[in-house]
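Notes for the structure review
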Amino acid sequence: MAMLWKFMRVAKYSKTTLSPKVKVRGIPTHSRHSSSKSVPSDFAASAPCSNAVELLGKSYPQDDYSNVTEKILSKVGKNLHNRKHHPLWLIKEQVKEHFYKHYLGRRGTPLFSVYDGLSPVVTVQQNFDSLLIPQNHASRRREDNYYLNRDHMLRAHTSAHQWDLIHSGLDAFLAVGDVYRRDTIDNTHYPVFHQMEGVRLFSCHELFSSIKDGEGLQLFEQGHRTAHKQECHTMEAVRLVEFNLKQVLTKLMTHIFGDGLQVRWVDCYFPFTHPSFEMEINFQGEWMEVLGCGVMEQQLVNS
């Protein structure tokens with residue numbers, strides 16, 4: 001079973017069988033699994049030619065779906081989140097410090113690994129299909145995304161790497177990177193921004209070991225989907241995962257913003273989590289959304 005969480009817009013650019021584990025989406029880190037190296041900004045991209053786009057050392061043939069602009073291509077490879085002392089780097093390091101200190105594995109090493117150099121060019125399958133996003137979902141529209149061609153695009157979210165990282169055997173990780181959406185520019189939106197995303201998978205032992213008489217509790221059942229749980233998860237498992245998820249994220253926000261923080265949780269919908277929540281914090285008298293999270297769809301884990 002698993003849980004998942006993701007900081008939304010962190011900053012403007014200038015942001016089979018049932019698995020034996022339950023997965024939660026969250027934001028943890030660890031350097032024991034090193035990520036791919038960031039691409040230097042002077043090797044970012046060349047302007048699109050008549051037939052292909054040259055980007056990060058690869059060539060992508062253009063077709064009727066190609067809509068990425070020269071202006072956006074010039075942003076790829078800047079990797080502001082990896083530039084020492086940049087505000088985005090400072091936020092990333094603050095989150096890493098928190099998780100390295102408070103979440104340790106059996107051997108006393110950081111529980112979460114961090115990936116902050118994954119290529120922003122992904123396949124449509126990675127960005128949408130692997131996350132169970134329907135073919136007719138509005139988020140796939142050309143008007144909302146930057147497509148290199150029908151098969152490749154600039155990632156619209158760090159979730160595009162989720163399936164690959166889980167498939168590699170990881171059960172707790174943080175992914176950080178620049179993401180691209182065709183947003184109208186205003187004081188809170190820009191076509192390039194950054195996300196931080198975390199995932200954690202739980203085994204039965206990990207989830208129930210601290211619960212009195214927890215030996216008899218189970219992660220899975222053959223039940224019915226409700227507003228509070230997936231059909232394959234027991235209510236006990238979902239409640240524990242939800243509690244863990246919200247506790248972890250509340251502690252993280254307090255670490256970043258300080259004590260006395262007012263937090264509220266709002267039920268919401270994401271195609272790849274259920275139940276799903278958004279966290280809002282009170283900032284200068286107004287409620288501001290800072291992240292989305294939830295219990296990952298077991299179908300995604302099983303796939």
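Keep in mind the model is a prediction, meaning the values are calculated, not measured.

Cut-offs applied
- The written sequence of each chain sets the order in which its residues are numbered from 1.
- Per-residue local features are limited, in this predicted model, to residues with pLDDT of at least 70; the limit for side-chain atom pairs, both in listing and counting, is 80 or more; totals at the level of whole chains, interfaces and linings are taken over all residues.
- Hydrogens and water are ignored here; the side-chain numbers use all heavy atoms of the structure.
- Axis geometry follows a simple rule: fit a line to the C-alpha atoms, using only the stretch in contact for helices, then measure angles between N-to-C directions, giving values from 0 to 180 degrees.
- Elements are defined by DSSP. Helices are runs of H or I of four residues or more, strands are runs of E of two residues or more, and each kind is numbered from the N terminus.
- In these notes the angle categories are as follows: under 35 degrees is roughly parallel, over 145 is roughly antiparallel, 65 to 115 is roughly perpendicular, and the rest is oblique.
- By the definition used in this description, the sense in which the near helix is turned from the far one sets the handedness, with an anticlockwise turn below a right angle giving left-handed and a clockwise turn giving right-handed.
- Here, residues are in contact when the closest pair of their heavy atoms is within 4.5 Å.
- The residue classification treats Ala, Val, Leu, Ile, Met, Phe, Trp, Tyr, Cys and Pro as nonpolar and Asp, Glu, Lys and Arg as charged. All others, Gly included, are polar.
- Between 30 and 60 degrees the pair is tilted, below 30 it is stacked and above 60 it is edge-to-face, where a pair is any two Phe, Tyr or Trp rings, Trp via its six-membered ring, whose centres lie within 6.5 Å.
- Relative accessibility decides the category of a residue: with a 1.4 Å probe and only protein chains considered, values under 20% of the type maximum give buried, values over 50% give exposed, and everything between is partly exposed.
- Working rule: Lys NZ or Arg CZ, within 6 Å of ring centre, within 35 degrees of ring normal, means a charge sits over the ring.
- For two strands to be treated as a pair, DSSP must find at least two bridges joining them.

Their axes nearest at 10 Å, the elements helix α2 (residues 87-102) and helix α6 (residues 235-257) cross at an angle of 130°. Relative to α6, the element α2 lies oblique. Regarding α2 and α6, the two cross each other, and that crossing is right-handed. Only V248, K251, L252, H255 and I256 of α6 make contact with α2, whose side of the interface consists of Q94, V95, E97, H98 and F99. Tallied by class, residues from the contact of α2 with α6 come to 5 nonpolar, 3 polar and 2 charged.

What follows deals with the packing of aromatic side chains. Going through the model one piece at a time under the given rule, you end up with 7 aromatic pairs. Measuring from ring centre to ring centre gives 6.3 Å for W5 and F112, while their planes differ by 70°; the resulting arrangement is edge-to-face. Considered together, W5 and F112 belong to a single accessibility category, that of buried residues. Here the aromatic rings of F270 and F272 are separated by 6.3 Å at their centres, their planes lie at 10°, and the arrangement is stacked. The exposure classification of F270 matches that of F272, with both residues buried. Pairwise contacts between aromatic rings join W5, F99, Y103 and F112 into one cluster. The ring of Y65 is capped by R142, whose NZ or CZ atom sits 5.4 Å from the centre of that ring. The cationic tip of K246 hangs over the ring face of F277; the distance from NZ or CZ to the ring centre is 4.1 Å.

Its location among the elements puts L217 in the loop between α5 (204-208) and α6. As for L217 and E236, which are separated by 19 residues in sequence, their C-alpha atoms are 7.5 Å apart. Residues within four places of L217 in sequence aside, it is in contact with C204, F208, I211 and E236.

Once that is clear, we can look at the pairing of strand β12 (residues 286-296). Of the pairings in the sheet, the one linking strand β11 (residues 273-283) to β12 comprises 9 bridges and is antiparallel in character. Bridge pairing in β12 links F283 to E286.

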